[in-house]
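Topology and contacts: notes
Below, each chain spelled out in residue letters.
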Amino acid sequence: MSVSTEAAAVTRVLVVDDHEVLATSLAHVLDAEPDLVTVGVAGSLERARALIPTCAPGVILLDHRLPDGDGADAIGELLALRPSAQVVMLTASAADHVLVKALEAGASGFVSKTRSLAELTSAVRAAAAGEAVISPELLARLLPRLHRSGRPRANDLTEREREVLGLLSGGLSNAAIAAELTVSVHTVRNHIANLSAKLGAHSKLEALSIAVRDGLLPGV
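Everything quoted here is computed from the prediction, not taken from an experiment.

1. A few points about the pairing of strand β2 (residues 36-42)
Here six bridges tie strand β1 (residues 11-16) to β2, and the two strands are oriented parallel to one another. What sits directly across from Val16, in β2, is Ala42. Remark: the β1/helix α2 (residues 20-31)/β2 crossover connection has right-handed handedness.

2. Digging into the sheet that holds β2
Across the sheet, five strands lie side by side as β2-β1-β3-β6-β7; this open sheet has parallel pairing. If you trace the sheet from one side to the other, it starts and ends with β2 and β7 (109-112), each paired once. Direction aside, neighbouring strands of the sheet carry axes that sit 25 degrees apart on average. Direction of pairing for strand β6 (residues 86-91) relative to β7: parallel, over a ladder of four bridges. Its bridge partner lying in β7, Thr91 is registered against Ser112. The strands touched by helix α4 (residues 71-81) are β3 (59-63) and β6; relative to β6, the strand with the most contacts, the crossing angle is about 165 degrees.

3. Side note on the side chain of Glu161
Along the chain, Glu161 falls in helix α8 (residues 159-169). On the basis of relative accessibility, which here comes to 4%, the residue Glu161 falls in the buried class. The residues contacting Glu161, other than those within four sequence positions of it, are Asp156, His191, Asn194, Leu195 and Lys198.

4. So, α2
Between its first and last C-alpha atoms α2 spans 16 Å; for 12 residues at 1.5 Å apiece the expected length is 16 Å, and the two agree. Residues of α2 that are buried include every one of Leu22, Ala23, Leu26, Ala27 and Leu30, and no others. With its buried residues spanning 130 degrees around the axis, α2 presents them on a single face. Of the residues in α2, the exposed ones pointing more than 90 degrees away from the buried face are Glu20, Val21 and His28. Residues of α2 that are buried sit in contact with β1, β2, β3 and α6 (117-128).

What counts as what
Residues numbered from 1 in each chain as written. Predicted model: local features only at pLDDT ≥ 70, side-chain atom pairs only at ≥ 80, totals over all residues. Heavy atoms only, no water. Pairing = 2+ DSSP bridges. Helix = DSSP H or I, 4+ residues; strand = E, 2+ residues; numbered from the N terminus. Right-handed = clockwise from strand over helix to strand, strands pointing away. Axes fitted to C-alpha atoms, helices over the stretch in contact; angles between N-to-C directions. Contact = heavy atoms within 4.5 Å. Buried < 20%, exposed > 50% of the residue type's maximum accessible area, 1.4 Å probe, protein only. Expected span 1.5 Å × (residues − 1). Arc of directions from axis to C-beta.

Structural data, given as structure tokens:
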């Protein structure tokens, strides 16, 4: 049982980046960690699409600019191949409209290529744990830029789920939300899982995106 528990705790990562030096360096760093393993390296979206069904990644590190397309445009397609995966976009100097597009498509967050390799691995762990990989400052900047549907919809979110959504919009982590509501982190994760399922979201950020577009967070 201890072997299966240990195996289950290992996060499988697919690196999608055409910068060979960065991709190889990141793969080596991931493989050196006991809880992370690189299950594939793809230099194009075509290669990523071919690898995902067989390598079954838990986290996809996805470059913004690839030889055969825009990473943000491909997020929906990649998640369709592996709905349980978390997508973290690797960015250099992506404009806000690109980040908004990625957020709306289901990205779990963003990490700059200028960050250290240790910070990149921390971002992988955060995404695997269901956290949003984004600074509160960037989140506050992007949320008002989301495309609104103009049609607030009837929904079955509970008051507590709405409360959790509001705290998420402030950039709070699961632990911070748990402290704010005086509940366990496990309870917060359940609330997020439930509201995400109701909204049809793959990630916290996509749940926030849908909530803003559908008028569930009128103060944003």
